[in-house]
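Residue-level listing of the chains:
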Amino acid sequence: MSEEKHLNFIEEIIKEDLESGKYSSIVTRFPPEPNGYLHIGHAKSICLNFGLAQKFGGYTNLRFDDTNPVTEDVEYVDSIKEDIKWLGFQWQNELYASDYFNILYSFAVELIKKNLAYVDDLTPDEIAASKGTPTEPGKDSPNRNRSIEENLRLFEEMRDGKYGDGAKVLRAKIDMASMNMHMRDPIMYRIKKAAHHRTGDAWNIYPMYDFAHGQSDSIEKVTHSICTLEFIPHRELYDWFIDKLEIFPSHQYEFARLNLTYTVMSKRKLLQLVQDKYVESWDDPRMPTLSAMRRRGYTPEAIRDFCDRIGVAKRENLIDVGLLEFCVREHLNKVALRRMVVFDPLKVVITNYPDSMEVEMLTGEDNPEDAESDSREIPFGKELYIEQEDFMENPPKKYFRLFPGGMVRLKHAYIIKCEEVIKDENGNIKELHCTYIPESKSGSDTSGIHVKGTLHWVAVQNAVTAEIRLYDRLFKVENPGSEEGDFKDYINMDSLQIVKTVYAEPALKNAKFNERYQFLRKGYFTLDAKETYNRLVFNRTVTLKDTWAKESKKVQPIS
RNA sequence: UGAGCUAUGGUGUAACGGUAGCACUACUGAUUUUGGUUCAGUCAGUUAAGGUUCGAAUCCUUAUAGCUCAACCA
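Remember, predicted model here, so these are calculated numbers, not experimental data.

Colleague: Help me understand the sheet that holds strand β2 (residues 58–64) in this model?
Modeller: What links the strands of a sheet is backbone hydrogen bonding, and the strands pair in either a parallel or an antiparallel sense. The parallel open sheet is built from three strands, whose spatial order is β1-β2-β3. At either margin of the open sheet sits one strand with a lone partner, and together these are β1 (26–30) and β3 (94–96). Each adjacent strand pair in this sheet contributes to an overall mean axis angle of 35 degrees, direction not counted. Relative to β2, β1 is paired through five bridges, and the arrangement is parallel. For Ile-26, the partnering residue across the bridge sits in β2 and is Gly-58. Relative to β1, helix α2 (residues 40–56) is tilted by about 165 degrees, and along the sheet it contacts β1 and β2.

In structure tokens form, the structure reads like this:
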């Protein structure tokens, strides 16, 4: 693991910092704002930050960037913590930017005293107008040269609540002509007479991101402060505050955020999907949030593996969701319990099977990939269900499922031969009459017969019923965000398919939450923690790879 | 079009002036009591043009393309 040959550019930097003796160990942080749910993009950042500390020695803080009381809530704090723990990471310290409000205030006073900050009375519009444009310099505020004393007094009054929201701000005195718009006297503090979820009504003023983030990093002695590309223009300011305040020099590094095909990642768009009822909730299994993926049956191992495989770099990327699905399948293949479930039943009667009273029990391994795994008993019977799609009256070439006169093996059971197709008065297939070959029993097959197809099945008498929910991609296009018009125009309206009644082998009666199942030949499923009360509801985590689907399209293209 | 960041197979990511590699996808074939898994293999790439150098994906110049920046959001 630690012998990884290729380091990403951040690991490269850390390695050099450690070798040069700049640091003896590292400190990173994951800094969410508690105003929404974590998604797979956050997982990339979490895996990066926590992974770096694990790999190079050091620790990671969880710090909530809670400097805007009007958008934040403890509800989000709790869900964020749950998601990080679920992913398998443990933070060293649980911290809040709001813990630093006092010291941040004193930092501001210090800058005023150094004549590097001033109180401005301009309105938001006026400030915006005087900022200039990227091609034209801005203009100094008329309040820019207030005396230090006056600034001190005014700032104190802002804190004490003497002015209303928006009446005044504290600005850094830097350069209104800077090429970097963020250096044109950025706002450090604004008045917000709002209750904060942690500090209550203690404050009338709150620091802006730029005045809180770097200093919080510094206070925590964060060595490598890692964020996404859009913060590159903020770095100059980040460094400026640290430099003027003469505090611990944390350094900011930026990487490209994760983009995934067939979904959207921005909080704004995800919120719209929920509000406009395109999905049920934030943890609707089609959402890219971690809570949704958990509910859908994705495993933390798979997500970590995915984050590992996608790498870390500075170029924009759009990663094929197929890679995520690959990671999920790869892990699930190793841990999922195999079970048989018929989605769309076709009755099969074994005409030569004895009408005995006792039920014949067969044995099926829980997981052929895991030698340690257990097995379960499966009842057989004279009447069975197989899948409608596993029988064809007029099969195409290369079809090796059941057809009139054809033979298949029933998984863990016997080879059967289709003798007769029974139809109703409308000509629809009602049931199949088959014969079985007694000496072909699984595990003790002396029949000498070899068949190409093996089908899953369920004994009618012992079947338990369940509901399943099949999920498809939420969008019809790879990159809905970059498409013309509204991203919502590209929503796949068939992304959820509910099958009210499927027939499962009895072992599934005792299905457990957090247990993963592979419904043989159908896909990976897990019990829905939200919908399962006194009935069984399974979510399809991901399908199995289906080469036959591709093949059959080639053989007889369907419109 | 000011400034900044970035350009390597279909996708993602390595190669740190010296053989363009790995993974996913796609496609072959073998194995298989899951058309799954596993195994073997195939296709496929340095944005362009100049320059430096014995040698350039890598350094320089120019061009082109994409992304970002003017919230009292983070």
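Picking up where we left off.
Colleague: Any chance you could explain the protein's contact with RNA strand B here in plain terms?
Modeller: Around RNA strand B lies a shell of 67 residues, among which His-6, Glu-12, Arg-338, Ser-442 and Gln-518 are the nearest. Within 4 Å of the protein, the contacting atoms of RNA strand B are drawn from sugar and phosphate to the extent of 62%. Between RNA strand B and Tyr-209, the relevant distance is 2.9 Å, taken from a phosphate oxygen to a main-chain nitrogen or oxygen of the residue. The contact in question runs from a base oxygen of RNA strand B to an N or O atom on the backbone of His-412, over 3.4 Å. Residue assignment for the surface near RNA strand B shows that the elements contributing at least two residues are β6 (187–191), α8 (232–245), α11 (300–310), α12 (321–335) and α13 (547–555). For the surface near RNA strand B, the element with the most residues is α13, which contributes four residues.

Colleague: What am I meant to see in the environment of Leu-520 here?
Modeller: By the secondary structure assignment, Leu-520 is in the loop between β23 (516–519) and β24 (523–527). In this structure the C-alpha to C-alpha distance between Leu-520 and Lys-411, which are 109 residues apart in sequence, comes to 9.3 Å. For Leu-520, the residues in contact, after removing those within four places along its chain, are Arg-338, Arg-339, Met-340, Lys-411 and His-456.

Colleague: What is the right way to read the side chain of Ser-45 from this model?
Modeller: With respect to the secondary-structure elements, Ser-45 resides in helix α2. Ser-45 gets classed as buried once you look at its relative accessible area, which sits at 11%. Other than its neighbours up to four places away in sequence, Ser-45 contacts Phe-30 and Phe-255.

Colleague: Can you walk me through the sheet that holds strand β5 (residues 169–172) in this structure?
Modeller: With antiparallel pairing, four strands are arranged side by side in an open sheet as β4-β5-β6-β7. Each edge of the open sheet is held by one strand with a lone partner, namely β4 (117–120) and β7 (205–207). On average, each strand axis in the sheet is tilted by 20 degrees relative to the strand beside it, whichever way the strands run. Note: β4 against β5, four bridges, orientation antiparallel. The residue of β5 that forms the bridge with Asp-120 is Val-169. Most of the contacts of helix α4 (residues 101–113) go to β6, to which it runs at about 120 degrees, and overall it touches β4, β5, β6 and β7. Across the sheet, helix α6 (residues 148–160) lies against β4, β5, β6 and β7, angled at about 60 degrees from β4, the strand it touches most.

Colleague: Hey, could you run me through helix α1 (residues 9–19) in this one?
Modeller: Structural remark: α-helix, 3.6 residues per turn; residues separated by three or four positions point the same way. Within the span of α1, buried status applies to Ile-10, Glu-11, Ile-14 and Asp-17. Within α1, the buried residues cover an arc of 120 degrees as seen down the axis, which keeps them to one side. Among the residues trailing α1, Gly-21 stands out with phi positive, at a value near 85 degrees.

Colleague: Looking at this structure, how should I read the pattern of salt bridges?
Modeller: A pair can form between side chains of opposite charge whenever their charged atoms are brought close. Inspection of the entire model under this criterion finds 49 salt bridges. The shortest N-O distance in the salt bridge between Glu-246 and Lys-114 comes to 3.3 Å. Of this pair, Glu-246 sits in the loop between α8 and β9 (251–255) while Lys-114 sits in the loop between α4 and β4, and the two are 132 residues apart along the sequence. In this structure, Arg-159 engages Asp-160 in a salt bridge whose closest nitrogen and oxygen atoms are separated by 3.0 Å.

Definitions and limits used
Residues numbered from 1 in each chain as written. Chains lettered and ligands numbered in written order. Predicted model: local features only at pLDDT ≥ 70, side-chain atom pairs only at ≥ 80, totals over all residues. Heavy atoms only, no water. Pairing = 2+ DSSP bridges. Helix = DSSP H or I, 4+ residues; strand = E, 2+ residues; numbered from the N terminus. Axes fitted to C-alpha atoms, helices over the stretch in contact; angles between N-to-C directions. Contact = heavy atoms within 4.5 Å. Near = heavy atom within 4 Å. Polar contact = N/O pair within 3.5 Å; in protein donor to acceptor, adjacent residues only side chain to side chain. Buried < 20%, exposed > 50% of the residue type's maximum accessible area, 1.4 Å probe, protein only. Arc of directions from axis to C-beta. Salt bridge = Lys/Arg side-chain N within 4 Å of Asp/Glu carboxyl O.

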